[in-house]
Amino acid sequence: MGAALVASDRTDLSQLAADLDRTTGFDRLSDLFVDSISAVPIAGAIVAAVARQVLPRDSLIYLTLFAVEAARRVEALEEDKLDREYLASDEFREDLELVLDAQSLLLQRKKRRYFLAAIKSAASSDRPSDAERRRMLDALVKFRPSHLRLLAVVCTPDDGVGLPGNADSYMREKLPDVPLDLLKLDWRDLQAEGILSDY
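Below, the structure is looked at part by part.

## Considering the overall build of the chain
Helices and strands together make up the secondary structure of the chain, namely 12 helices and zero strands. Helices and strands in the chain line up, N terminus first, as α-α-α-α-α-α-α-α-α-α-α-α. Counting over 199 residues, the chain shows a buried share of 34%. For the chain, the proportion of contacts with a sequence separation of at least 24, taken over those separated by at least 6, is 69%.

## Topic: the side chain of glutamine 108
Mapped onto the elements, glutamine 108 comes out in helix α7 (residues 106-109). Looking at glutamine 108, the relative accessible area reads 4%, which means it is buried. The contact partners of glutamine 108, leaving out residues within four places of it in the chain, are Ala102, Gln103, Phe115, Leu140 and Val141.

## What to know about helix α11 (residues 167-174)
All of the buried residues along α11 are Asp168, Tyr170 and Met171. With its buried residues spanning 165° around the axis, α11 presents them on a single face. Of the exposed residues in α11, those oriented more than 90 degrees away from the buried face are Arg172 and Glu173. On its buried face, α11 sits against α10 (145-155) and α12 (180-192).

## Observations concerning the pattern of salt bridges
Within the structure shown, the criterion is met by 15 salt bridges. In this structure, arginine 144 and aspartate 186 form a salt bridge, with 2.8 Å as the shortest nitrogen-oxygen distance. You can see arginine 144 sitting in the loop between α9 (130-142) and α10 and its partner aspartate 186 sitting in helix α12, a full 42 residues away along the chain. By relative accessible area, arginine 144 is classed as partly exposed at 44%. Of the charged contacts in the structure, one is a salt bridge between aspartate 189 and arginine 144, with a shortest N-O distance of 3.8 Å. Here aspartate 189 is found in helix α12, whereas its partner arginine 144 is found in the loop between α9 and α10, with 45 residues between them in sequence. Overall, the relative accessible area of 32% leaves aspartate 189 in the partly exposed class.

## As for unusual backbone geometry
Positioned with a positive phi, isoleucine 42 is a non-glycine residue whose angle comes to about 70°. On the secondary structure map, isoleucine 42 appears in the loop between α2 (25-38) and α3 (44-54).

Analysis parameters
- Residues numbered from 1 in each chain as written.
- Predicted model: local features only at pLDDT ≥ 70, side-chain atom pairs only at ≥ 80, totals over all residues.
- Heavy atoms only, no water.
- Helix = DSSP H or I, 4+ residues; strand = E, 2+ residues; numbered from the N terminus.
- Buried < 20%, exposed > 50% of the residue type's maximum accessible area, 1.4 Å probe, protein only.
- Contact = heavy atoms within 4.5 Å.
- Arc of directions from axis to C-beta.
- Salt bridge = Lys/Arg side-chain N within 4 Å of Asp/Glu carboxyl O.

And the structure:
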């Protein structure tokens, strides 16, 4: 009886191996989606190569569209701002893998525009230092969209004369749809991480 089980197990394993070798319609569709990334000039082939290794099947379509948009944003950089040598580097590949890994999670997809901006910034010749860029990518993964929105307000230069009054009035003006108590909670989270100073 033991020998029969072993033979049966071998047959099952052989069948599973054969099934793994079979190409399904979904596999062909997945290949088509990833191949479409390669069609984007300049960064498409690099992004597609990383995507083939990183993308799980369940989120392949979303991540393919994300990767195409990222490649197009890199391509849209002005010629003198595009660092082609960096695009071929392991550092850019690591940045891209981190972003694609993060975007595979539904929770991170709400931050899509921030991740796309990070990829475009990384491909630029005037990109932040490696340490700053990695810290920002870590922050993108770690923080909620409300934290990132607050950081954008704080870190973006004001368009002229500042508003008279205190921080509360400034924040109410810049983020009118966010209750002040929630905004202060997000501020404290960012302060605890050493990103912002006292309110």
